[in-house]
Amino acid sequence: MNRNPNPRLDPDPSSVGFTEAKTIRLAGEADPFALDSGAVIGPVEVEYESYGELSAGKDNVVLIVHALSGDAHVAGWDRNAQASGRGWRLRKPGWWDPVVGPGKAIDTNQFFVLCANVLGSCYGTTGPSSINPQTGRPYGLAFPAVTVSDWVRLQARLLDALGLERVYAVVGGSLGGQQAMEWTLALPERVEKSIILAASPRLSAQGVAFNSVGRYSIVNDPNFNGGDYYDRDQPTIGLAAARMLAHITYLSEQSIDGKFGRKLNNGNVNGHGFGAEFEVESYLDHQGNDFVERFDANSYLYITRAMDYYDAAARWGGGDLVEACRRIRSRVLLVSFSSDWLYPPAQCREFALAMCRAGRPVTYIETPSRYGHDAFLVETEAVGKLLHHFLERKD
Amino acid sequence: MDDKNPGAASAPATTPRVPRWQDAIIEREIPAGSSVLDLGCGSGELLSRLIRNQGVRGQGVELDPAAVVECVARGVPVFHIDLDRGLTGFADRSFDYVIMEETLQTLRRPLEILQEMLRVGRHGIVSFPNFAYWKLRFELAASGRMPVTESLPHRWYDSPNIHLFTLEDFLDWARERGVMVRQGWSLVEGEVRPLGPHDNLQAEEVLLFTEME
């Protein structure tokens, strides 16, 4: 992305510009937040960002929900990147910057856009690296298990705190897509439109298996120390390996082949060693190293587990997805991507079909793409067009 | 125009479709508040009017990606799927009306979809070009080549119409399967009129409202 990283010098009219996250306390030690697991947690602080102006009728709220490694910094440039120890944000704008901004598909001239970091993550919302009030030390693995439903209930609590009764639209991809799905099932009266990208009603066994190998490499890292590593060397090798593996599942055979082929790093000479000989190996190394700079290994464990456990049918239909879909009152746009093998089109389609069987109109689109699961972030033109049209008020 | 033909990849879906004569009748005959499934709904013009003007619960099905985007722009719920994969996702009798305008002849397995149509819908509305129309018969007889007309504008090699049939062919099938044609209209020399006894010869296109006996 060739953009001037300093919007002060060269203001980009299609950027939300400098952003400043806010933190809000949504539960205290005395009135903790109740979780699906039966455990409670308090205090709970949530970091969120917002762009655009709330309308007088408070009817223009677009809630964006982020994926596994995402955060509340959706668009623009973080004003406090350096001070908050998130120096990597100086290099690039928020994770969905091409789609969110003035005049963009999610138009901040028109909508009040809100995104909150999920519980258990490591970007300002309470998570395993936060201080456990009972010990005065970071939670580590003493942090309670969290679920997609917990996240949605906490987001609803954020809206309550901000005085927002309804959201015009909730939008998310991947694990964010599952949160958008959960919103439309759990809080049908509060959502007008729901946009679910590259997400199915539950992760396949193959997806769980990938997550499992990622967790295995983290908990077996010599530095893991039962999750208690915050004052010493971090389990970076395990976390990097988890990210490298996961990253492969975000691409497709076609996109990896097209990008790297079998090209070697060293002028096409075999080094006969076991370092990064192929370009694709260097790329994965880079992905892994980049990730450990900005992510917490414990958060990775908690969030992938939430991803494994999510099952829309089990939660809302006693195992019957059609029954679950009878709850839906919002308009739903579901988009899958042809080469996505983490949330394959056939699995995404199941939700749309269940909605049809439940007598709920639905828009389901299978977008042709060679970018695999990443397509929901990469295919900004195709996705942007759909978002723009779907968000448009028709009456 | 063939933007309603799911297989017609060459047809530019962005070209506004001339309203079909069938649309006016469908809009007139479908009671307000019905539920309607439109198979091969194209850019969603008909459904959009039915939803807006008659308060129907509408669902479109379309294969052409550009047409699907136009449906979204119109606010028409659309399922992007190949009809030849069947309608297995839809429950029995889950719609009052299932519409299939000018699509049947483009499908690989037309009979399966017809049956599915009458499983999923209480009424099936189907329209198609009648290949026994006298002008087609004449042209075929006189020139010895596949006829090219206004309602069948393609040549043999670029036609999305892979299963051409006649009104009588359809009525034979209906009789065999216990399908009742409740009402019908035909396009005869540019005029729309109720289905007549000689329409296998006279009708260029037909529109039939069917249901299981």
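As a starting point, this report considers the structure included with it. Being a predicted model, the structure only gives us computed values, none of them experimental.

Conventions we followed
Residues numbered from 1 in each chain as written. Chains lettered and ligands numbered in written order. Predicted model: local features only at pLDDT ≥ 70, side-chain atom pairs only at ≥ 80, totals over all residues. Helix = DSSP H or I, 4+ residues; strand = E, 2+ residues; numbered from the N terminus. Rg over C-alpha atoms; globule rule 2.2 N^0.38 Å. Buried ≥ 20, exposed ≤ 12 C-beta atoms within 10 Å, placed from the backbone. Contact = placed C-beta atoms within 7 Å. Nonpolar A, V, L, I, M, F, W, Y, C, P; charged D, E, K, R; others polar. Pairing = 2+ DSSP bridges. Right-handed = clockwise from strand over helix to strand, strands pointing away. Core = buried A, V, L, I, M, F, W, Y, C linked by C-beta atoms within 7 Å.

### Considering the overall build of chain B
From N to C terminus, chain B includes 7 helices and 8 strands. For chain B, the C-alpha radius of gyration of 16 Å lies close to 17 Å, the compact-globule estimate for 213 residues. Seen through its principal axes, chain B has C-alpha atoms that stretch 45 × 40 × 30 Å. For chain B, buried positions account for 47% of its 213 residues. Expressed as a percentage of contacts within chain B between residues at least 6 apart in sequence, the contacts between residues at least 24 apart total 61%.

### Looking at the interface of chain A and chain B
Every contact between the two is made by 17 residues of chain A and, on the other side, 17 residues of chain B. Residues belonging to the side of chain A that touches chain B are distributed by class as follows: 10 nonpolar, 3 polar and 4 charged.

### Examining the pairing of strand β15 (residues 331–337) of chain A
Residue and element names in this part refer to chain A. Counting buried positions along β15 yields 7 of 7 residues, so the element is predominantly enclosed. The side-chain alternation of β15 yields two buried faces, one formed by R331, L333, V335 and F337 and the other by V332, L334 and S336. Sheet topology places β15 next to strand β16 (residues 363–367); 5 bridges connect them, and they run parallel. Residue L334 lies in a different strand from β16, and its bridge partner there is Y364. Considered for its hand, the β-α-β crossover made up of β15, helix α10 (residues 345–357) and β16 is right-handed.

### A word on the nonpolar core
Residues V62(A), I106(A), L334(A) and M355(A) are the most contacted members of the largest nonpolar core, which totals 168 residues. If we ignore the near neighbours within four places in the chain, the residues touching I106(A) are V62(A), V99(A), V100(A), F111(A), V113(A), V171(A), L387(A) and L391(A).

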